[in-house]
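# Notes for the structure review
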Amino acid sequence: MTGRSASLMVTCLGDLFFPEVGVSIVRLLRRLGVAVDVPADQTCCGLPLFNSGYHADAAGVARRTVELFGDSEHVVVPSGSCAWMVKHEYPGLLADTTLARAAVELAARTHELSQVLVRVLGVTEFTSAVRGRVTYHDSCHLLRGLHESESPRTLLSNLEGAELVPLPGADECCGFGGSFAVRLPEVSSKILAKKLANVESTGADCLVACDAGCLMQMGGGLTRAKSRVRALHLAELLDGGR
Amino acid sequence: MSDAELATPFRQRAGSAMKDAFLQEALTIATTKFIGLRREAFASFPEGEALRDQARAIKEATLQRLDQHLETLIGNVERLGGHVHYAETSAEARSIIVDIAKRTGARMAVKSKSMATEEIHLNEALEAAGVTPVETDLGEYIIQLAHERPSHIIAPAIHKTKGQVAELFTRELKRPAEPDPEALTLIARGELREKFLQADLGISGANFAVAETGTVVLVTNEGNGRMVTSMPRVHVAVMGVEKVVPSFTDLMVFLAILAKSATGQKLSVYTSMVQGPRRAGELEGPDEFHLVLLDGGRIAQIDGPLREALSCLRCGACLNVCPVYRQIGGHAYGYTYPGPIGILLTAMLEGAPAVRDLAHASSLCGACADACPVRIDIPHMLIELRREVDDRKIAPWSERVAFKLLAGLLRRPWLYRLAARAGRIAQTPFARSGRIGRLPLVLGEWTRTRDLPPVAPRTFQERWATDRDLRA
């Protein structure tokens with residue numbers, strides 16, 4: 001991919017709530033010699049619609065995403081769940097449409113950020129934007145959907161200026177689950193409380209994840225508790241220069 | 001759970017469960033223990049992964065020709081001198097068993113642990129017919145004394161602490177009991193020995209039934225299953241039709257992974273094989289053996305959306321790892337089968353309207369599918385159930401409208417941009433130092449315990465459109 005190009009699928013949460021994550025990714029990739037573009041008029045991958053069972057509507061959103069990224073050589077996504085949606089659900093959703101083939105091709109060209117860096121570009125050495133101890137939470141879709149637990153850890157353990165400490169129960173859900181978080185807020189919050197207790201037990205300064213949903217949930221819990229731990233996206237950490 | 005209890009919305013039932021300190025203590029201890037034991041069992045069993053695939057393949061192949069395998073099973077059980085009954089519904093199953101009890105003059109029935117008999121609410125029917133049912137699995141015995149229902153597929157009394165069990169024994173058995181598991185087990189053992197000797201009827205479930213030999217297989221840890229199937233004059237085994245496996249070779253594949261998934265044991269302490277009634281020259285076994293095959297909505301799913309759930313071995317692994325189950329326990333779900341697989345089974349047995357809210361009782365984290373010994377894709381089927389609930393307009397209209405609006409917005413970038421701008425204006429009274437602490441309506445459900453990030457002053461796409469530095 002070096003010397004070539006990638007399109008950023010910034011995702012709805014990334015676009016609206018965490019624009020600095022997108023900015024970091026653009027800078028990171030550019031520093032690695034990748035030409036980055038951002039196809040205009042992006043909205044959302046449709047996962048919230050799909051997960052709540054509104055599949056015809058999700059297919060409508062999938063259709064426009066497939067068209068938007070039709071010419072992209074590679075598509076980089078900052079969230080494991082959105083990458084999962086494109087890679088695993090788009091082909092099925094659009095199977096009986098004119099975009100069936102395009103959906104399968106897009107699925108193959110779409111990568112979650114940590115996977116692009118480690119598995120596509122083969123780059124694992126970065127300088128941290130944050131000093132201190134960091135700990136890593138496995139987002140469910142990235143871990144159990146895309147079977148990725150190594151790449152983010154490789155990047156974090158090699159990260160200059162930061163020390164990676166293990167998070168007890170790192171592979172357990174943070175309780176976000178999209179609309180689950182507001183349909184059953186008490187259950188969602190209790191799952192979160194357990195997660196954050198584990199985070200605090202590590203003594204980390206920074207909690208890292210590769211999914212905007214988990215970061216919204218865990219970050220929202222941490223600031224509410226006035227914790228000293230910051231929740232950051234992997235891209236923000238890696239963007240410390242190289 | 002009674003209709004009155006089910007009238008309480010699921011969210012409230014879950015809320016009450018989370019406020020129950022005893023339940024929370026018991027759940028945390030037990031599920032954490034089960035998770036660790038299962039992990040260790042498979043870590044030291046490299047063949048495990050391939051056997052899981054094989055087990056699933058056997059289940060799939062068996063479902064393809066379920067009628068043939070059932071016919072073979074029926075033929076072999078009858079050849080061995082047993083009687084086979086087919087029940088399309090729970091009510092039919094109950095009346096078949098009550099009739100057997102009446103005809104044989106049974107006054108007391110000892111039972112080994114069986115989710116199928118829980119499913120058909122057999123104990124109430126037996127009591128109404130003047131037959132006293134006695135649960136002999138320790139966990140089932142405890143909840144029968146407490147007049148409760150199982151809250152876990154393999155550990156029915158998982159919601160109770162040892163202290164609570166000691167209090168229960170002291171109160172119900174009228175003898176002092178200490179909160180020591182071994183002492184409590186000895187008390188139960190003493191009580192149950194008498195019952196085994198008195199009972200006329202033994203009722204069991206079946207973990208498997210081997211078609212080619214007519215063998216009903218029970219996987220247990222306490223030995224009570226063996227007593228139930230051999231001491232009383234009459235033995236009735238109740239099983240869902242999907243429990244049939246073609247051969248003993250197939251059975252071995254399941255036995256190799258079942259106990260590891262359930263309790264982390266290599267094998268359960270007892271694997272009992274029952275072949276018909278006592279034959280001439282045999283010293284033990286019942287005079288009569290009956291096998292009740294239960295449909296109860298299963299057959300309809302062979303080519304239905306819940307087909308995969310017919311592969312379930314009832315090991316309970318998905319409950320132990322489920323973040324929702326671990327917080328709320330089994331009773332809050334409200335039906336016989338709790339946890340992630342329980343939602344699917346409830347939909348199968350009770351229909352989609354029963355799971356309108358339960359279908360959303362999952363963050364779709366996928367831990368269940370990972371733990372399932374036969375790799376049932378539970379999250380995907382939960383999504384399919386949500387789809388059915390939406391399509392059939394079982395979901396509340398307000399929710400359906402909200403998602404239609406969201407869909408319209410996500411398909412129109414100009415509307416999406418407008419919504420971002422509107423959100424920025426609307427959030428001003430609520431945003432404090434870069435966080436939103438309190439919002440009205442549905443978003444208030446979020447902000448009660450968590451801050452929400454505000455819509456950024458400039459979205460990424462707005463920055464990309466105007467910042468030359470960023471685009472360069």
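No experiment lies behind these values; they were computed from the predicted model shown. (Residues numbered from 1 in each chain as written. Chains lettered and ligands numbered in written order. Predicted model: local features only at pLDDT ≥ 70, side-chain atom pairs only at ≥ 80, totals over all residues. Heavy atoms only, no water.)

### Regarding the pairing of strand β10 (residues 288–294) of chain B
All names here are of chain B. With respect to burial, β10 is a largely interior element, seven of its seven residues being buried. Every second residue of β10 is oriented toward a common face, with Glu288, His290, Val292 and Leu294 on one face and Phe289, Leu291 and Leu293 on the other, all of them buried. Two strands pair when backbone bridges link them, and strand β1 (residues 83–87) and β10 are joined in this way by five bridges, in the parallel orientation. Within β10, the residue paired with His83 across the bridge is His290. As defined by bridge partners, strand β7 (residues 234–240) adjoins β10 across seven bridges and the pair is classed as parallel. Bridged to Ala237 within β10 is Leu291. (Buried < 20%, exposed > 50% of the residue type's maximum accessible area, 1.4 Å probe, protein only. Helix = DSSP H or I, 4+ residues; strand = E, 2+ residues; numbered from the N terminus. Pairing = 2+ DSSP bridges.)

### Some remarks on the packing of helix α4 (residues 48–64) of chain B against helix α13 (residues 248–262) of chain B
Residues and elements named next belong to chain B. Relative orientation of the contacting elements α4 and α13 amounts to 130°, with a least axis distance of 9 Å. Classified by the angle between their axes, α4 and α13 sit oblique to one another. As for how α4 packs across α13, the hand of that crossing is left-handed. Residues Gly48, Leu51, Arg52, Gln54, Ala55, Ile58 and Lys59 of α4 form the contact with α13, whose participating residues are Asp250, Val253, Phe254, Ala256 and Ile257. Among the residues forming the contact of α4 with α13, the class breakdown is seven nonpolar, two polar and three charged. (Axes fitted to C-alpha atoms, helices over the stretch in contact; angles between N-to-C directions. Parallel < 35°, antiparallel > 145°, perpendicular 65-115°, else oblique. Left-handed = near helix turned anticlockwise from the far one by under 90°. Contact = heavy atoms within 4.5 Å. Nonpolar A, V, L, I, M, F, W, Y, C, P; charged D, E, K, R; others polar.)

### Comments concerning the interface of chain A and chain B
Note on interface size: it is often stated as the accessible area lost on association of the parts. Residue-level contacts link 65 residues of chain A with 66 residues of chain B. In total, about 5,500 Å² of surface goes out of reach between chain A and chain B, with carbon and sulfur atoms giving 60% of it. If you sort the residues of chain A by the area they bury against chain B, Tyr54, Arg183 and Arg224 of chain A come out on top, with a joint share of 12%. Viewed at the interface, chain B and chain A are joined by nine salt bridges. The partner of Glu186 of chain A in a salt bridge is Arg11 of chain B, and the shortest N-O contact between them spans 2.8 Å. (Buried area = accessible area lost by both parts, 1.4 Å probe. Salt bridge = Lys/Arg side-chain N within 4 Å of Asp/Glu carboxyl O.)

### Observations concerning the sheet that holds strand β1 (residues 5–8) of chain A
Hydrogen bonding along the main chain pairs the strands of a sheet, whether they run parallel or antiparallel. All names here are of chain A. Spatial ordering of the open sheet is given by β2-β1-β3-β4, a layout of four strands whose pairing is parallel. Only two strands of the sheet have a single partner each, and these edge strands are β2 (35–37) and β4 (110–112). The mean inter-strand angle of the sheet, taken between neighbouring strand axes irrespective of direction, is 35°. Each of β3 (75–77) and β4 touches helix α5 (residues 80–93); the most contacted strand, β4, lies at about 155° to it.

### Considerations on helix α20 (residues 413–427) of chain B
Its 15 residues give α20 of chain B an end-to-end C-alpha distance of 21 Å, which sits within 8% of 21 Å, the value for a rise of 1.5 Å per residue. Listed as buried for α20 of chain B are Pro413, Tyr416, Ala420, Arg424 and Gln427 of chain B. Along the long axis of α20 of chain B, the arc covered by the buried residues comes to 85°, so they all point the same way. Facing away from the buried surface of α20 of chain B by more than 90 degrees, the exposed residues are Trp414 and Ile425 of chain B. Looking at the buried side of α20 of chain B, the elements it contacts are α1 (12–16) and α4 (55–68) of chain A together with α19 (397–411), β11 (431–432), β12 (435–436) and α22 (460–466) of chain B. (Expected span 1.5 Å × (residues − 1). Arc of directions from axis to C-beta.)

### Here we look at the domain arrangement of chain A
Residues and elements named next belong to chain A. Segmentation of chain A into domains returns domain 1 (2–119) and domain 2 (123–238). Each of domain 1 and domain 2 has a C-alpha centre, and the two are 22 Å apart. With 26 residues of domain 1 in contact, the opposing surface of domain 2 contributes 25 residues. On the surface where domain 1 and domain 2 come into contact, there are one salt bridge. As a salt-bridge pair, Glu148 and Arg119 come within 2.5 Å of each other at their nearest N and O atoms. Remark: the boundary between domain 1 and domain 2 carries eleven residue pairs in polar contact (both at pLDDT 80 or more). Going through the elements one at a time, α2 (19–31), α5 and α7 (113–120) are the ones with two or more residues in the side of domain 1 that touches domain 2. Of the residues that constitute the side of domain 1 that touches domain 2, the class distribution is 13 nonpolar, eight polar and five charged. (Domains from an automatic or database assignment. Polar contact = N/O pair within 3.5 Å; in protein donor to acceptor, adjacent residues only side chain to side chain.)

### Looking at unusual backbone geometry
Residue and element names in this part refer to chain B. Phi angles above zero are rare outside glycine, and His147 is one such case at about 55°. On the secondary structure map, His147 appears in the loop between α9 (138–145) and α10 (162–172). Backbone geometry at Lys393 places phi at a positive 55°, although glycine is not the residue there. In this structure, Lys393 sits in the loop between α18 (378–391) and α19.

### Describing the environment of Ser2 of chain B
All names here are of chain B. Inspection of the secondary structure puts Ser2 in the segment before α1 (3–7). Residue classification places Ser2 among the partly exposed residues on the basis of a relative accessible area of 34%. Sequence separation of Ser2 and Gly334 is 332 residues, and the distance between their C-alpha atoms is 8.3 Å.

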